[in-house]
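Structure at a glance
In case you want the letters, here they are:
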Amino acid sequence: MAAAAESFDEETQDVIERLRACVRRRFGTATAIERIDVATLGGSNRTLLFDLLRGTYPPRQVLRQETVPPDYTPFLAPRDQYAVLAAAYAHGVPAPEPIFPLEAADELGEGYITGAIAGETLPKRLLTDPRYATARLRYLGQAGAMLARLHAIDLAEVGVLTDVPESDDVLTAWRAHYERWEEPHPTIEYAFRWLERERPPAARRVLLHGDFRNGNMIVGEEGIRALLDWECAHLGDPLEDFGWFCTRSWRFGFVDRPAGGFGQREEFYRAYEAASGAALDRAAARWWEIFGLVRWALYNLMQLYGHRTGRRRSPAFAACGRNTCLIEYDLLMTLAGKFD
Amino acid sequence: MAHDQPDVPDMVLTAREFLADLVPRLDGLDRYHALCTVYLLDIARRELDEWTHDDTPDDEHLRALTGASGETQPATVVADLCRAIRSGRFDADLAGLREALLEHVVAKVRVVKPSVLVPEHRSADAIPSGETRE
């Protein structure tokens, strides 16, 4: 639903003015933006949707701006996100069309503009609304095939990811994030210890989406339309994307359907294996689900850090701090074999 | 006990900040009641400064795990326990450590969101009827 510009707060109105100048700088002074919506309450980005009126070009566009301060964000710089998105898009991974990255002259901070894709992202709605019954049946097959296509991209095409700490050693990188956020948690320490001692041997090294889960795909009634949110992309073991997708937190209450709340792991694994020709190690995948729980707990500590240090105080980020124990509970119950 | 951050004074302050920001966008009775709530939260914050907490079974449990004395503050015990785990002190019995930590985490969850606990971890009076999901 479009809103009148004057209904936005002062900060958003300022962003809209800069956005208008940004598109005119590239496409001419006759270019207009209309039907502006603020699309997200997201924890790390501001997302604006708008119609870009210039000739016959498909008008609906998205501005995505980073909002986590760079001194403690674990996320890929937006310019690098854009490069990875462009590579994935070029290889036919369903994703928003990359239009252009922001530049310093735009005075909009770090971010980029992509084409907009209509559809639903809210996980609970996707898991329960009768409108998405067909999409639900297709979801795991499509998700498996999509990952196979992404993981097959030549790493030389995403050279921006080579120096990302997660690409070097993901466990070491996350321990460093944990240290930075200054919140000692015995359960997280125990889980790191367990992960270090039980780590399976590395499999292939591929381009990982890094945040591949229910909620980060735009879905229509017919199935998945686009994969979003490229800020966690890095290089690593293909099982990392599977472990994150099946992490208990991303089942949205449907805990007996480990694959994103949609169904069983095996359907998801087999779709990938059929599309890629590569076999997945089921036992090692469990390690990556445990790692996923630790990582999700740590994202909550990141938001708490922003709140406690006064950089981004908000009730939502304060709640993240206290919700960390809910993930710790899932973690310990899973490691005890009481949760699957 | 050694609850996670934010602590109670910070949670009260967070609610106060949010309401104070909201006040200019409210009218009439809503505005008046929001201002009164800010006033009440300011009183609550000042009164919290006078509070002291008795040790809980969880505090004793964590002290026993680390061998800390009875005077050691819960936050210090938690930090010491983290260092001990990292140093490998519990490596010989990680399953035993996991069970001990589960007890600690259950104590935290009983306050944050008791409805997610499996029945064996719930206490009879642990689930307030007005619990809301964040």
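Everything below is about the structure shown above.
Below, the structure is looked at part by part. (Residues numbered from 1 in each chain as written. Chains lettered and ligands numbered in written order. Predicted model: local features only at pLDDT ≥ 70, side-chain atom pairs only at ≥ 80, totals over all residues.)

In this section: the overall build of chain A. Of regular secondary structure, chain A possesses 11 helices and 9 strands. For chain A, whose C-alpha radius of gyration is 20 Å, the value lies close to the compact-globule estimate of 20 Å for 340 residues. Each principal axis of the C-alpha distribution contributes one length, and for chain A these read about 60 × 45 × 40 Å. The buried share of chain A, reckoned over its 340 residues, is 46%. Nonlocal contacts in chain A, meaning residues at least 24 apart in sequence, comprise 66% of its contacts between residues at least 6 apart. (Helix = DSSP H or I, 4+ residues; strand = E, 2+ residues; numbered from the N terminus. Rg over C-alpha atoms; globule rule 2.2 N^0.38 Å. Buried ≥ 20, exposed ≤ 12 C-beta atoms within 10 Å, placed from the backbone. Contact = placed C-beta atoms within 7 Å.)

Residue and element names in this part refer to chain A. Taking burial as the measure, the 7 residues of strand E3 (residues 60-66) include 5 buried ones, the bulk of the element. Inspection of the sheet shows strand E2 (residues 45-53) paired to E3 by 7 bridges, in the antiparallel sense. For arginine 46, the partnering residue across the bridge sits in E3 and is glutamine 65. (Pairing = 2+ DSSP bridges.)

Turning to the interface of chain A and chain B, a few remarks are in order. Residue-level contacts link 26 residues of chain A with 28 residues of chain B. Those elements that provide at least two residues to the side of chain A that touches chain B are helix H7 (186-198), helix H10 (282-308) and helix H11 (315-335) of chain A. It is H11 of chain A that contributes the most residues to the side of chain A that touches chain B, 13 residues altogether.

What follows is about the sheet that holds E2 of chain A. Residue and element names in this part refer to chain A. The strand order across the open sheet formed by 5 strands is E1-E2-E3-E5-E4, and the pairing between neighbours is antiparallel. Two strands lie at the open edges of the sheet, namely strand E1 (32-38) and strand E4 (98-101), each paired on one side alone. The mean angle between the axes of side-by-side strands here comes to 25°, regardless of whether they run parallel or antiparallel. Its contacts with the sheet place helix H1 (residues 10-27) against E1, E2, E3 and E4, and it is angled at close to 145° to E1. (Axes fitted to C-alpha atoms, helices over the stretch in contact; angles between N-to-C directions.)

It is worth spelling out the environment of glycine 236 of chain A at this point. All names here are of chain A. Looking at where glycine 236 falls in the secondary structure, it is placed in strand E9 (residues 234-236). Residue classification places glycine 236 among the buried residues on the basis of 24 C-beta atoms within 10 Å. When the C-alpha positions of glycine 236 and serine 44 are compared, they lie 23 Å apart, and in sequence the two are 192 residues distant. Ignoring sequence-local partners within four residues, the contact set of glycine 236 consists of Glu166, Ser167, Val170, Arg205 and Leu208.

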